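# Structural features, examined
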Amino acid sequence: MEFQRVLALIKREMKKTVREPAVLFMIFLFPIVFVFAFGASFGGGGSQPSYSIGIVNLDQTNSVNASKIFYIALSNTKILSLHVYTNNQSAQNDLSQGKVQAVIIIPNDFSKSLVSFETVPNEPNKWINSTLKLYLDKGSLVATQAIPPIIQQVLTAITGQTQQIPSNPFHLETASLVEVKTPSALDFIAPGMFTFASIFLIMMVSQSFTQDRENGMMKRIRITPTTPTEFMLSQAISYMIIALVQAALVFIMVYIMGFRPAVGIPVYIFAFLLVLVFSLSNVGFGLITATIAKSSGAATGLSFLFVLPQLFLGTFVGASLSSAAQIVGKFVPSYYVTDALTSLFLRGAAITSPIILLDVATISISCIFILAIGVILYDKYFRI
Amino acid sequence: MSESAIIIEDLVKKFEDVIAVDDVNLQVANGELFGLLGPNGAGKTTIINILCGLIKPTSGSAIIGGYDVQNEPMKVKELIGVCIQETAVYPYLTGAENVNLFGDLHVMDSETLKARRTMLFEKMGLTSEAKRRAGKYSGGMKRRLSLILALIHNPQIAFLDEPTVAMDPQSRHAVWDFIKDLKNEGKTIILTTHYMEEAEELCDRIGIIDHGKLIALGSPKVLISNNLVKNLEDVFIKLTGRKIREEV
Ligand SMILES: Nc1ncnc2c1ncn2[C@@H]1O[C@H](COP(=O)(O)OP(=O)(O)O)[C@@H](O)[C@H]1O
Ligand SMILES: [Mg+2]
């Protein structure tokens, strides 16, 4: 084994990936556009006309009813719809079930605070400061990003100030980000999205191999003392790197769309490893396609033979399929990857739980098997 | 090493419906520039493919530099440099990157690689193109790059399969000079061509091949005088009753 050869071949593959617009489109842009389109249409990141926020009012009013003024100002934004709760407990319940995206606790000295401000607006040290607590749905990007500034603005407005840097007695404190228990559509489809992008490697591998065969490059490589092992190793490593970048891009996409599973770093690492192993089976399917296909044009069409079942039975596209189709799904490797990722992210399964271990075993064995078949077939029926 | 760099014995290659190589026997001496001359479809490329281990012969054997191609293909691959018939270069790599890749595949150290690369680009008149993507090269430039890829590792034995096909006269003469230099360095070369003038100009000895059969063997001078004709073109017409190419 000469690593100089393996490294040189990997470098070549990487340069090809970034320099050929068609390749770049097929393995990065296309899956991402597709994932985004699907994600959006399943309502994962759909725009909401207004945000529901819960209010728990602990304010003790005297002459001035500050909380009333605050309510009106909040409603006037037209972005927020208000739900008033009599106690913190019921507000928190609704928040954790996703019925409201935020809960504001108005403190008991809120009106006092406003009065103190209006009395001596220019002497901040004589103000009675009060703190509004804000609880946010941490799974919702709009909640964590959009709601606090809106409320801050409203607080500034009720003191009659207009400048951006407010000077007033109210402090908005984000008390905690609350885990919302009801999973969104995105939570259901995000695991499949990780699987999704990698499946397109089948097309890319079959294209690359048939093209190099057609134009004589494969012949050229075979005339050098490069061993089949060195060559295939370089290919496997290259496509794993590509799969890693794909998975990272998909992760960024779903993160932006609001995907926030309550799992630690090890689970993420584990998920990426799973996608890497899975990418090997796609290299295998790509090689099988390249063996059967007579030309690179035919390879594209033929690759769908492997792409489509994996797509429809084993990714987020399959989440809504009939139970019969889901049983058939057990014959495609992508099913197990999506299943494992769903268990990890959505159901909070531990990496060492039996269901995960079983999935991982199935994925590893089937992927190595498919890759081996691909390599053997390609080697045997390879025609120059 | 034996006196013959290349020994081909009773070589036969059948494809489903054609006999591409029909019982060819041939020896090429060390340092010899041997020309395989024949029309399209004669079997020249098939012979080259067998010699570099790309395809298996139906029967017969080939020994290169003392190694049997069938039994010790890796040893053979380390000895040879092959310029395949297709103009195959990676279009998305620059000329220099293409060459570096093949240098690495031959496990060359970076200094030797760089020195040879510079020298070969200079000889082939490609120095100013080295940093451009090979996909943007003209046909003749790609073929010259292809030749550099074949010879970057300074192989003792070279197979050049129609290296000047479809080249403009200027590129062709540059390649001819280059091949002459290789010969002067003592390399053993098999050159296939269907250009008579190329064979006549360059080769020590020529084998004329038609329908897979070796029908004549000898130096250009001897072939011409033995057949009592003026040039190689006439030798071919006399032996086969056909012209080697319908159109020039
Ligand atoms: N892979 C193959 N399968 C079937 N026939 C082939 C194959 N390769 C070459 N041939 C046939 O073998 C004969 C010799 O071809 P080739 O060696 O390429 O000729 P040349 O290089 O002299 O032009 C031709 O008739 C060609 O059609
Ligand atoms: Mg040929």
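Look up: the structure comes first, before these words.
Remember, it's a predicted structure, so these values are computed and weren't measured experimentally. Each residue is numbered by its place in its chain's sequence as written, counting from 1. As they are written, the chains are lettered A onward and the ligands numbered 1 onward, keeping that order. Confidence filtering applies because this is a predicted model: local features only for residues at pLDDT of at least 70, side-chain atom pairs given and counted only at 80 or more, and all residues used for totals across whole chains, interfaces and linings. As a convention, hydrogens and water are excluded, and side-chain values are obtained from all of the structure's heavy atoms.

A few words now on the overall build of chain A. A tally of regular secondary structure across chain A gives 15 helices and five strands. Buried residues are those whose accessible area, probed at 1.4 Å on protein chains only, stays under 20% of the maximum for their type, while exposed residues exceed 50% and partly exposed ones sit between those limits. For chain A, buried positions account for 52% of its 384 residues. Taking the intrachain contacts of chain A between residues at least 6 apart in sequence as the baseline, contacts between residues at least 24 apart amount to 77%. Helix and strand assignments come from DSSP, with helices taken as H or I runs of at least 4 residues and strands as E runs of at least 2, each series counted from the N terminus. Contacts between residues were defined by any pair of non-hydrogen atoms, one from each residue, lying within 4.5 Å.

With that out of the way, let us pick up the site of ligand 1. All names here are of chain B. Taken together, Phe15, Val18, Ala20, Pro39, Asn40, Gly41, Ala42, Gly43, Lys44, Thr45 and Thr46 make up the full set of residues adjacent to ligand 1. Whenever two N or O atoms come within 3.5 Å, that pair is a polar contact, provided that in protein one can donate a hydrogen and the other can accept it, and provided that, for residues adjacent in sequence, both atoms are side-chain atoms. In the environment of ligand 1, an oxygen atom lies 3.2 Å from a nitrogen or oxygen atom belonging to the backbone of Ala42. Within the backbone of Lys44, an N or O atom sits 2.9 Å from an oxygen atom of ligand 1. To measure how exposed things are, a 1.4 Å probe is used in the Shrake-Rupley method; for residues, cover is taken only from the protein chains shown. If ligand 1 stood free it would expose 560 Å²; the protein chains cover 64% of that surface. Taken together, the residues that form the shell around ligand 1 break down as five nonpolar, five polar and one charged. If even one non-hydrogen atom of a residue comes within 4 Å of a molecule or strand, that residue is called near it. Residues are grouped as follows: Ala, Val, Leu, Ile, Met, Phe, Trp, Tyr, Cys and Pro are nonpolar; Asp, Glu, Lys and Arg are charged; all remaining types, including Gly, are polar.

This part is about the pattern of salt bridges. Close approach of charged atoms allows side chains with opposite charge to pair. Salt bridges are counted wherever a side-chain nitrogen of Lys or Arg sits within 4 Å of a carboxyl oxygen of Asp or Glu. Under the definition given, this model contains 17 salt bridges over all chains. A salt bridge links Glu123 of chain A to Lys126 of chain A; the shortest N-O distance between them is 2.9 Å. With a relative accessible area of 33%, Glu123 of chain A lands in the partly exposed category. Here Asp22 of chain B makes a salt bridge to Lys213 of chain B, at a shortest N to O gap of 2.7 Å. Of this pair, Asp22 of chain B sits in strand E2 (residues 19-29) while Lys213 of chain B sits in strand E10 (residues 213-218), placing them 191 residues apart in sequence. Several salt bridges share partner residues, and in doing so they unite Arg12, Glu13 and Asp212 of chain A into one network.

Quick look at the nonpolar core now. As a rule of thumb, nonpolar side chains are buried together in soluble globular proteins. Core analysis: the biggest nonpolar cluster contains 157 residues, and Phe194 of chain A together with Ile6, Ile80 and Phe159 of chain B have the highest contact counts within it. Sorting elements by how many residues they give to this core places helix H11 (residues 265-292) of chain A first, with 14 residues. Those residues in contact with Phe194 of chain A that sit more than four places away from it in its chain are Ala247, Val250, Phe251, Val254, Phe259, Val275, Leu341 and Phe345 of chain A. Put simply, buried Ala, Val, Leu, Ile, Met, Phe, Trp, Tyr and Cys residues joined by side-chain atoms within 4.5 Å make one nonpolar core. Grouped together as the second largest cluster of nonpolar side chains are 26 residues, Ala73, Ile104, Leu114 and Leu172 of chain A included.

Take the interface of chain A and chain B next. How big an interface is tends to be stated in terms of the accessible area lost upon association of its parts. Contacts between the two partners involve 24 residues from chain A and, on the opposite side, 31 residues from chain B. Two parts placed together each lose some accessible area; with a 1.4 Å probe, that loss summed over both constitutes the buried area. Summed over both sides, the interface of chain A with chain B buries roughly 2,700 Å², with 63% coming from carbon and sulfur. Along the contact surface separating chain A from chain B lie three salt bridges. Close ionic contact of Glu97 of chain B with Arg19 of chain A constitutes a salt bridge, the shortest N to O distance being 2.7 Å. Counting across the interface, chain A meets chain B through 12 residue pairs in polar contact (both at pLDDT 80 or more). Elements with a contribution of two residues or more to the side of chain A that touches chain B: helix H1 (3-19) and helix H9 (217-223) of chain A.

So, on to a nonpolar patch on the surface. Residues and elements named next belong to chain A. Surface patches are defined over residues having more than 30% relative accessible area and no salt bridge, joining like charges when they lie within 9 Å and nonpolar side chains (Val, Leu, Ile, Met, Phe, Trp, Tyr) when within 5 Å. A surface patch of nonpolar side chains, amounting to about 510 Å² of accessible area, comprises Met1, Phe3, Leu233, Ile237, Ile241 and Val245. Considering each element in turn, the nonpolar patch owes the most residues, four residues, to helix H10 (residues 228-256). Along the chain, Leu233 turns up in helix H10.

Next up on the list: the sheet that holds strand E1 (residues 4-14) of chain B. Note: strands within a sheet are paired through backbone hydrogen bonds, in either parallel or antiparallel orientation. Residue and element names in this part refer to chain B. Here we have four strands laid out as an open sheet, ordered E2-E1-E4-E5, and antiparallel in their pairing. The open sheet terminates on both sides in strands that have one partner only, identified here as E2 and strand E5 (67-68). The sheet contact formed by E1 and strand E4 (residues 59-64) spans five bridges and is antiparallel. From the neighbouring strand, Val12 faces E4, where its bridge partner is Ser59. Note on pairing: DSSP must find at least two bridges between two strands before they are called paired.

Turning our eyes to something else, we now look at empty space enclosed by the protein. Definitions used throughout: a 1 Å grid over protein atoms alone; a cavity as a set of points that fits a 1.4 Å probe which cannot get out; a pocket as an open set with protein on both sides within 12 Å along at least five of seven lines; a lining residue as one with an atom within 4 Å of a point. Grid points are joined across faces, edges and corners, and a volume is the space filled by probe spheres set on the points. One pass over the structure, following the stated rule, counts four cavities of 30 Å³ or more. In this structure, the largest cavity encloses a volume near 80 Å³. Arg220, Ile223 and Thr224 of chain A together with Ile80, Gly81, Val82, Phe102, His106, Leu149, Ala150 and His153 of chain B are the residues that line the largest cavity. Put simply, the parts of the chain that give the lining of the largest cavity at least two residues each are H9 of chain A together with strand E6 (80-83) and helix H5 (139-151) of chain B. With three residues, the top contributor of residues to the lining of the largest cavity is E6 of chain B. Here the residues of the lining of the largest cavity sort into six nonpolar, four polar and one charged.

So, on to the environment of Leu287 of chain A. Here Leu287 of chain A is to be found in helix H11. For the pair Leu287 of chain A and Gly54 of chain A, spaced 233 residues apart in sequence, the C-alpha to C-alpha distance is 56 Å.

Residues and elements named next belong to chain B. Summarising the metal site, the magnesium ion (ligand 2) is bound by the protein donors Thr45 (OG1) and Gln85 (OE1), whose distances to it range over 1.9 to 2.1 Å. Here the residue Thr45 occupies a position in helix H1 (residues 44-51), and Gln85 occupies one in the loop between E6 and helix H3 (95-105), the gap between them amounting to 40 residues. Since its relative accessible area comes to 30%, Gln85 is described here as partly exposed. Excluding water, the donors of a metal are its N, O and S neighbours within 2.8 Å, or within 3.2 Å for Na, K and Ca, and that exclusion means sites may look incomplete.

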